[in-house]
Each structure stands twice: as C-alpha cells, then as structure tokens.
Amino acid sequence: MNAKRFLAGFAAVTMALGISACGKSGSDNKEDESSFDEKIALPDEESGSEELISDFPEGAQTELEWFSYYDLNPTKSQPEKSTNLALFENKGGSIKYSRTSSGKKYDDLAARLMSNDPPDMFAYEQKMTFPANCIKQMFQPVDDVIDFSSPLWADVKDTAEQFTLDGKHYVAPVTFGALSVMTYNKAEIEANGLEDPYDLYQQGEWDWDAWYEIMREYCEGADADAERYGINGWFAPFIFQSTGKTLINYDAEADEYAANLFDPDLERAADLLYNIEKEGMYYSDWVGSAREAFKKNILFYAMGTWAVTPEEGDEWGIVPMPKDPNTDTLYTTLEVNAYMWVKGSTAGDAFRIWNECSRVTATDQQYIDVGREKFFVNKPYFTEEMYDVAYSDVTSDKFERLIDPGYGISTALSDDDAATNATKEAIIPFMYSSVMKSDENGKQYTWAALRETYKATIDSELKTFNEEYHKFIGK
C-alpha cells in the first residue's frame, strides 16, 4: 500500500479521525461540520486494511483515557462517530474522555503526573509539545508500540525522525495538512493581465520573485482613487521556512539546539518580507475569509482552507507558498496530527491499536474517497484543482517536510499563551513576522535590529533548555 497517494483526503480524514485542527487560529481552523449522511463502514476484507490493525492480547487494557479539551467520542454538537473510533471499538477498545482546557492543558497534565495518576493519551500540538514537554517527561517514546518500518508507518518515518530525542521517537504522525495556502481570484488575475500563479506552480516557476512581481504589478495598476494590496493573512513564517532553514535548529554534531539568526538565507527571507511591507503591498489587519479579502482589493489571501468557501460563479485558485528561488527543493511546514503517549501509561496495546486504526482511516482508499465526497458536499464550488493543491500536493512527496523546533523550546520563545507583548506572540513566532510590523513610533522593524534585541534572550533560553536536554538524555 502506498500511503502517500492516499493523503489527498486530509480535510475529511481529520474529521474522520476526530482530531481538532489546532493551529494559529485555534478552533477557527476546524473544517465546516458535515451535513453529509455518511454511513461508517469497516474495512472491506479485500482492501487488506484490517490485517494492518492488531488484535488486543488476552487480558490487555482496552480503554484509553484521552486527556484533552475536546472529545473523541460523539458529542451533542458532533454526533457522528469518527471512523477510527468505530474501528477501535470494533476491535474491543474504548475511549474515556477526561476534560482539561486549552490554556491549562500542560499544567493539568503535570498535576496528574505529580499525583501518579497519568492519563494515557494527549494530542500533539506544534507549540511546546516537542521537545520541551518531552524532556519534562510528560510523554514517553512510542518505539515500543509503533514500528516505523512497517507498511502502515513507513511513509511517515522520515518525518518521525525529526521528533527524536536520544534516538527515540516521540511522535508518530497520523496525517499531515497545510497550515496555510494562498487563495486568489482567477478572474482578477486575468482582468489585470497577470500570469496565473497556478500555471507558474505547474511549470515550477512559482517562487518569491514571481509572487512579488505579480503583487507589484497588481498594486501599481490600481486607479488613482483605489487602494490595492498584494497579500493578507498567515504566510510570513512559511517564507522563512521555504529556504529549508528555521530560526532554531537541531545541531546533530553538538547534540543540542542552536539559534540560526545570522543565516544568510533567513536574512534574504526577512528582506523580502520587509520590502513587501515597505512597498505597501501588505494588508495587516485581520481578515476572516478569502471573500472578505477580495472585497478589500487584496490579491492573495493566505490562510487555512477553513476560510476559503467559493460560491457559484466564483473563479478562485489556490497555490502553495512560493518557493525560495535559490533552491530547487520544495519545503513545507505542515500541521501534524498525532497522539502523544503519556509518561506512566501502561496501555501500550490500546495506544498501538488506536494509532493503527487512525492510520488505516488515513490511508485506506475507501475512506479517502468518502472523505473527498464529504468535502465537496460541504464546499461544492471548490474546484478539483484547488482541492488537489491544498489537500494532495502539499502533503505529498513533492515537498520536503520541515519540522520547526522553535515552536517547542520554552515558554518565552515558543508559548503564545504566556506572551506579554502587545501582539501576544512568543519571541520565535514574533520574529517570523516582525519585519512587517512597526514600533510605537511607526518605524518598521529591521532584521538587524530584531536580532540585536532578542539574541541575548534566545541564547539564554537555549542554554537553559540544552542543559535540561542533556540531563534528560544522561549526557
């Protein structure tokens, strides 16, 4: 089974898996609830999927305690049972939901661990789960229960390797999804005589330079009494990451995490973003949907597809983030949907089987087909072209998946919930977009000034983190 070609159905799969999309915008990232009357079917014998799911050994614990701020079981607001839960229950398993809150989830988990009362399972989230809360021993490695060389997991092994500490894997990715894509109005592109970004993408020419030039021509073509903008939304971090570099990286030779603030490729990305703001092409206010953005004469709207709902007569397109023109490699940072195995849990068989049910749901073609059908029932004017870019291409092996460790180092560097600055962003998320912001005097930040401001704090936080990391691995 080649799982990579099956990941096209991510949007519906996350619904089928019961995994909340917890990215920058929290619950706003969730796909529309479905009105499609899906009958949950268990795997056909001929598909071979059932053979990939283990049976519970006799006497094994069959209940998993799920510690979260959302339930994996059917609820009053979402009464449809997820497919992986149906598979799990068919094997004899069950999920017990223990409630926490989004803001206090790690504190509440720590309290459970301190009282020697660990739950079994917790959601992976980009911010703080790995590596910070792994070296705090909130979670345990999954190697005893997940075989990354098996057919079910081999296609995600390379990404799982980026979630290792002392050679042990802590995250088993179930599915991937685009955190943000660029949506645009094809009719507006054509009316202004601009090159269609999708055509450029198909030709391998969709890069920073092409993106910048299209925005510049669009903005300069405005009537004297009209204001036009090139871009709005969530895109700045992905421009940095399209270089294949991140602000914090893991130095394998030194076996520690290090700052990467003076990398020339990252400086090029900062210069690009700086100029987009300087030239007036960036619309900085919050805009909640692609339709609203187009009404404001914004050419590109960068956001998850939860905010992209075309209607009859619309001619919209979607492209991935533009690539760095200095590399032929397409890099992407994705939403990773996965389950963490809580430290102290002894429900290894149940945890393994739950993950196997989830991967089968994500990789068996019958579920992908149902998910795709459900998606188009909810969004009938989404084109096949748009769907394939957003849900197939960016999660395929056309792109190299890049995991950004900067979002999981420390409270000061990574945790927006604890941020005290005006924009409520931790240092690393702030730096990714900060050259597009201005200080209290209205002066636009420069990359050089930002490095000078935050370097000492970043170095100090990394020093503390690395000391804790080396103690954790016994070095």
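Residues numbered from 1 in each chain as written. Predicted model: local features only at pLDDT ≥ 70, side-chain atom pairs only at ≥ 80, totals over all residues. Heavy atoms only, no water.

**Q** Any details on the overall build of the chain? Residues and values, ideally.
**A** For the chain, the count of helices and strands is 17 helices and 16 strands. Within the span of the chain, comprising 475 residues, buried residues form 54% of the whole. Taking the contacts inside the chain whose residues are at least 6 apart along the sequence as the reference set, 77% of them involve residues at least 24 apart. (Helix = DSSP H or I, 4+ residues; strand = E, 2+ residues; numbered from the N terminus. Buried < 20%, exposed > 50% of the residue type's maximum accessible area, 1.4 Å probe, protein only. Contact = heavy atoms within 4.5 Å.)

**Q** Which residues make up helix α2 (residues 83-90), and what values do they have?
**A** Among the 8 residues of α2, 6 are classified as buried, and the element is accordingly described as predominantly covered. The complete set of buried residues in α2 reads T83, N84, L85, A86, L87 and F88. Directly after α2, the chain includes G92, whose backbone phi takes a positive value near 105°.

**Q** Tell me what's going on with helix α12 (residues 348-363), and back it up with residues and numbers.
**A** For α12, which comprises 16 residues, the first-to-last C-alpha distance of 22 Å matches the rise-based estimate of 22 Å (1.5 Å per residue) to within 8%. Summarising burial for α12: 15 of the 16 residues are buried, a large majority. (Expected span 1.5 Å × (residues − 1).)

**Q** Quick one: what's the story with the pairing of strand β2 (residues 94-99), residue by residue and with numbers?
**A** In the sheet, strand β1 (residues 63-68) pairs with β2 via 6 bridges, with the strands oriented parallel. Bridging across to β2, W66 finds its partner in Y97. With α2 bridging β1 and its parallel neighbour β2, the resulting β-α-β unit is right-handed. (Pairing = 2+ DSSP bridges. Right-handed = clockwise from strand over helix to strand, strands pointing away.)

**Q** Break down the packing of helix α13 (residues 365-378) against helix α14 (residues 384-391) for me, citing the residues and quoting the values.
**A** Between two packed helices, the angle of one axis relative to the other and the distance separating the axes together describe the packing. Here α13 crosses α14 at 125°, and the two axes come no closer than 12 Å. Taken together, α13 and α14 sit at an angle that is classed as oblique. Where α13 crosses over α14, the two elements pack in a sense that is right-handed. Across the interface between the two elements, R372, F375 and F376 from α13 touch E384, Y387, D388 and Y391 from α14. Taken together, the residues of the contact of α13 with α14 break down into 4 nonpolar, no polar and 3 charged. (Axes fitted to C-alpha atoms, helices over the stretch in contact; angles between N-to-C directions. Parallel < 35°, antiparallel > 145°, perpendicular 65-115°, else oblique. Left-handed = near helix turned anticlockwise from the far one by under 90°. Nonpolar A, V, L, I, M, F, W, Y, C, P; charged D, E, K, R; others polar.)

**Q** Kindly report on the packing of helix α8 (residues 208-220) against helix α10 (residues 264-278), identifying the contributing residues and their values.
**A** Packing of α8 against α10 brings their axes to within 12 Å, and their N-to-C directions diverge by 10°. For the element pair α8 / α10, the angle class is roughly parallel. Mapping the contact onto sequence places W208, W211, Y212 and M215 in α8 and D265, R268, A269, L272, N275 and I276 in α10. Looking at the contact of α8 with α10 residue by residue, the classes come out as 7 nonpolar, 1 polar and 2 charged.

**Q** Account for the pattern of salt bridges, naming residues and giving values.
**A** Summed over all chains, the structure comprises 27 salt bridges. Where K455 meets D459, a salt bridge forms, and the shortest distance between an N and an O atom there is 2.7 Å. Here D459 and K455 lie together in helix α17 (residues 447-472), a separation of 4 residues that amounts to about one turn. When its relative accessible area of 34% is taken as the criterion, K455 is described as partly exposed. What makes D459 partly exposed here is its relative accessible area of 32%. (Salt bridge = Lys/Arg side-chain N within 4 Å of Asp/Glu carboxyl O.)

**Q** Report on the nonpolar core, specifying residues and quantitative values.
**A** Membership of the largest hydrophobic core comes to 141 residues, with the highest contact counts inside it found for W211, F235 and I276. Per-element tally for this core: the top contributor is α8, with 8 residues. Residues within four places of W211 in sequence aside, it is in contact with M182, W206, I231, F235, I239, L272, I276, F300 and P322. (Core = buried A, V, L, I, M, F, W, Y, C linked by side-chain atoms within 4.5 Å.)

**Q** Can you tell me about unusual backbone geometry, naming the residues and giving the values?
**A** Cis geometry is found at the peptide bond from F130 to P131, where omega equals 0°. Among the structural elements, P131 can be located in the loop between β3 (121-123) and α4 (132-135). For M128, which is not a glycine, the phi torsion comes out positive at approximately 85°. Assignment of secondary structure puts M128 in the loop between β3 and α4. Judged by relative accessible area, which is 5%, M128 ranks as buried. Look at Q137: it is not a glycine, yet its phi comes out positive at around 60°. Among the structural elements, Q137 can be located in the loop between α4 and α5 (157-160). Judged by relative accessible area, which is 41%, Q137 ranks as partly exposed.

**Q** For a negative patch on the surface, give the residues involved together with the corresponding values.
**A** Taken together, the side chains of E195, D199, E205 and E217 present a region of like negative charge at the surface. Relative to the elements of secondary structure, E205 occurs in the loop between α7 (197-202) and α8. (Patch = residues over 30% accessible without salt bridge, like charges linked within 9 Å, V, L, I, M, F, W, Y side chains within 5 Å. Areas by Shrake-Rupley, 256 points an atom, 1.4 Å probe, with all protein chains shown as cover. Lys, Arg positive; Asp, Glu negative; His and termini not counted. Charge placed at Lys NZ, Arg CZ, Asp CG, Glu CD.)

**Q** Quick one: what's the story with the environment of P237, residue by residue and with numbers?
**A** Following the sequence through the fold, P237 ends up in helix α9 (residues 236-241). Placed 196 residues apart in sequence, P237 and S433 show a C-alpha to C-alpha distance of 6.6 Å. Those residues in contact with P237 that lie beyond four places of it in its chain are Y407 and Y432.

**Q** So what's going on with the sheet that holds strand β8 (residues 229-233)? Which residues, and what values?
**A** If you walk across this open sheet you meet the 4 strands as β8-β11-β7-β12, and the pairing is mixed. Looking at strand neighbours, the two that pair on one side only are β8 and β12 (316-319), the edges of this open sheet. Across the sheet, the mean angle separating the axes of adjacent strands is 25° when strand polarity is ignored. Judged from the 4 bridges that link them, β8 and strand β11 (residues 298-303) form a sheet pairing that is parallel. Residue N232 lies in a different strand from β11, and its bridge partner there is Y301. The sheet strands contacting α14 are β7 (181-185) and β12, and the helix crosses β12 at an angle near 20°.

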